[in-house]
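# Chains, contacts and geometry: an overview
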Amino acid sequence: MVKDLSFTAAPGVVTGFLGPNGAGKTTTMRMLLGLTRPTSGTITIGGRPLARLDNPAREVGALLDARATHPQRTAFHHLLAFAQTMGLGRGRVDEVLGLVGLSQAAGRRTGEFSLGMNQRLGIATALLGDPGVLVLDEPLNGLDPEGIRWARTFLRDLAREGRTVLFSSHLMSEMELTADDLVVVGQGRLIAESSLDEFVRANTVQAVTVRAAAPDELAHALTRAGAGVSVQPDDALLVTGTDTATVGRIAAAQGIALVELARVRESLEDVFLRLTDEVTEYEGQPA
Amino acid sequence: MNLLRSEWTKLRSVRSTWIAALSAVAAGVALSVLGVSDLLGTSPAELPQGWDPTAESLKGFLFAQLVIGMLGALSVTAEHGTGMIGTSLVFVPSRSRLLAAKGVVVTGVTLLVSLVTTVLSFTAVQVMLGSAGLPAAGLGDPGVVRALAAGTLYLTLIGLAGVAIGSLVRSATQSLAVLVGALLLVPALGPGLPGALGDWFARFWPITAGQASYAVVPVDGTLAPGAGILILAVAAAGVTAAGHVVFRLRDI
């Protein structure tokens, strides 16, 4: 269920569409493409509904489900059938196969493809009409590390050519090195919309980890100075609400020798989990 | 034109299309040949009343029609089953145009398959009958060409109805169930119903009515050929309209 969701994906950048499973990412993308009808409201692309465009695939390229291919059909014929709807032929099919590195597999049936190869085929399908807008649902899902690196560079290159690239994922780690902008949803509602850097700055908690010869004494001194302190199992202190310089000064003033002093940053994965925690629909119970 | 080319690529690039086309022809001819083989020892005088060598040679339709119907249904259900329909609609958002293109291409292919099945079945059986000294039909005999044309049309209409059924139920197994029911069970069991209901099924059930169109010698209690094929055509158009409406209204 998606309610009152409104966001902008700008040309020239990769916009990551992030949310836990069941948050409404796929539903939103399907509505965008006219496959699922919203109960109210309209969806326009460049001011016109998708169905009114003469050759919608020249405006919007989509990857909905990489597995959605006929297993008996070859990659080449899969692409050819879609190219022909726009009056394009074998030439364009060979081009997009080359772009995604599937030229060697053109004659193979998609039923023999790995999920990663199907993702590449899906991206090739989206690119057939050379559209300015790309809507990709979980394009990195199922790719091996080499494939993920390829896809990241590829998506960023497509954006750099001036295209609008919107891609979804339920994994923060997939966003970190790929997206410029971030749209975070949970239970069909917008949680955050900003650039990735801003998102990190606004939502990550800065903390300091410190190890000292006299941890209890230091903990007291830091608490007196107004910092939040928690003692880790290995006697290291996790200090919040301050920075490394202040911690060092306080330790020096008390004459406590430090063994280690470092800045730690909450990982994006942690931030994402914390933000979506209240709105996660399906959650495992602790055993 | 672009859409027709696209749908033709889809249809020809999967093995199941060619398997269905070949098995429709092979099964149709084989069943027709089997149907008359037990008559080969009999003398012309022993043949039943109203002997119709043309209709007799098309008995293999019983099975061929099922395969042709499935050929039509699969062209739609394969896209729903794999989820490819979503991608198809991104390229062609007009569902009416997409379904129409599919219908035209499938109808073209089934027309050809139907024609080959009809002509081969007729020829094989007439050759067998002739060599056994039994009365056979020839293309020059009155009503024979008309019956063969009607038989071809009959199978083609079932292929088109198959597309519509596929669009209605969106699953290959359910399409097969509907086709077995409509093509085999109802014509076999319907006329056994009591009173007027049984009579109606024996005459007006679109499949039974359509089968009357390729008889040369009229059978008692059935419709005239023209009326028979008309009823089947109207029924096929009705199912197609229903399949179209449902495809337009449902979310994918």
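Residues numbered from 1 in each chain as written. Chains lettered and ligands numbered in written order. Predicted model: local features only at pLDDT ≥ 70, side-chain atom pairs only at ≥ 80, totals over all residues. Heavy atoms only, no water.

## A short note on unusual backbone geometry
How we decide: Numbering of helices and strands runs from the N terminus; a helix is a DSSP stretch of H or I covering at least four residues, while a strand is a stretch of E covering at least two. Relative accessibility thresholds used throughout: buried, under 20% of the residue-type maximum; exposed, over 50%; partly exposed, between the two (1.4 Å probe, protein chains only).
Positioned with a positive phi, Gln187 of chain A is a non-glycine residue whose angle comes to about 50°. On the secondary structure map, Gln187 of chain A appears in the loop between strand E5 (181-186) and strand E6 (189-195). The class of Gln187 of chain A is partly exposed, set by a relative accessible area of 28%. Look at Arg170 of chain B: it is not a glycine, yet its phi comes out positive at around 60°. Considering the arrangement of structural elements, one finds Arg170 of chain B in the loop between helix H7 (144-169) and helix H8 (172-189). According to the relative accessible area criterion, Arg170 of chain B is partly exposed, its value standing at 30%.

## Digging into the packing of aromatic side chains
Two descriptors summarise a pair of aromatic rings, namely the distance from one centre to the other and the angle between the planes of the rings. All names here are of chain B. Our working definition: Each Phe, Tyr or Trp ring, with Trp reduced to its six-membered ring, pairs with another whose centre is within 6.5 Å; inter-plane angles below 30 degrees give stacked pairs, above 60 give edge-to-face pairs, and intermediate values give tilted ones.
Evaluation of the coordinates by the stated rule reveals 10 aromatic pairs over all chains. For the ring pair Tyr154 and Tyr214, a centre distance of 5.4 Å and an interplane angle of 70° mean the geometry is edge-to-face. Placement of Tyr154 in helix H7 and of Tyr214 in the loop between helix H10 (206-211) and helix H11 (225-249) is noted, with a sequence separation of 60 residues between them. Judged by its relative accessible area of 0%, Tyr154 is buried.

## As for the pattern of salt bridges
Residue and element names in this part refer to chain A. So the rule is basically this: A pair is scored as a salt bridge if a Lys or Arg side-chain nitrogen falls within 4 Å of a carboxyl oxygen belonging to Asp or Glu.
Under the defined criterion, the tally for this structure stands at 14 salt bridges over all chains. Here Glu112 and Arg108 are joined by a salt bridge, their closest N and O atoms 3.4 Å apart. Taking relative accessible area as the criterion, Glu112 reaches 48% and is therefore assigned partly exposed. Residues Glu161 and Arg163 are paired through a salt bridge, measuring 2.5 Å at the closest nitrogen-oxygen approach. By relative accessible area, Glu161 is classed as exposed at 53%.

## Re the interface of chain A and chain B
The condition is simple: Any two residues whose heavy atoms approach within 4.5 Å at even a single point are treated as in contact. Buried area, as used here, totals the accessible surface that two parts lose on assembly, with accessibility defined by a 1.4 Å probe and the loss added over both. Pairing of N or O atoms within 3.5 Å defines a polar contact, subject to two protein rules: one partner must be a possible hydrogen donor and the other a possible acceptor, and residues neighboring in sequence count only if both atoms are side-chain atoms.
Taken together, the contact pairs 32 residues of chain A with 29 residues of chain B. Carbon and sulfur atoms supply 58% of the area buried between chain A and chain B, which totals about 2700 Å² over both sides. Between chain A and chain B we count 1 salt bridge in total. The partner of Asp251 of chain B in a salt bridge is Arg37 of chain A, and the shortest N-O contact between them spans 3.6 Å. Taken together, chain A and chain B are joined by 10 residue pairs in polar contact (both at pLDDT 80 or more). Listing elements by their share of the side of chain A that touches chain B, those giving two or more residues are helix H2 (56-59), strand E2 (60-63) and helix H3 (75-85) of chain A.

## Quick notes on the domain arrangement of chain A
Short version of the rule: Throughout the structure description, domain borders are defined by an automatic or database domain assignment.
Partitioning chain A into structural domains gives domain 1 (14-201) and domain 2 (205-265). One C-alpha centre belongs to domain 1 of chain A, the other to domain 2 of chain A, and the line joining them spans 47 Å.

## What to know about the environment of Gly72 of chain B
Residues and elements named next belong to chain B. In this structure, Gly72 sits in helix H4 (residues 61-82). With a relative accessible area of 0%, Gly72 lands in the buried category. C-alpha of Gly72 to C-alpha of Glu7: the two residues are 65 residues apart in sequence and 12 Å apart in space. Excluding its chain neighbours within four sequence positions, the residues that come into contact with Gly72 are Val106, Gly159, Gly162 and Val163.

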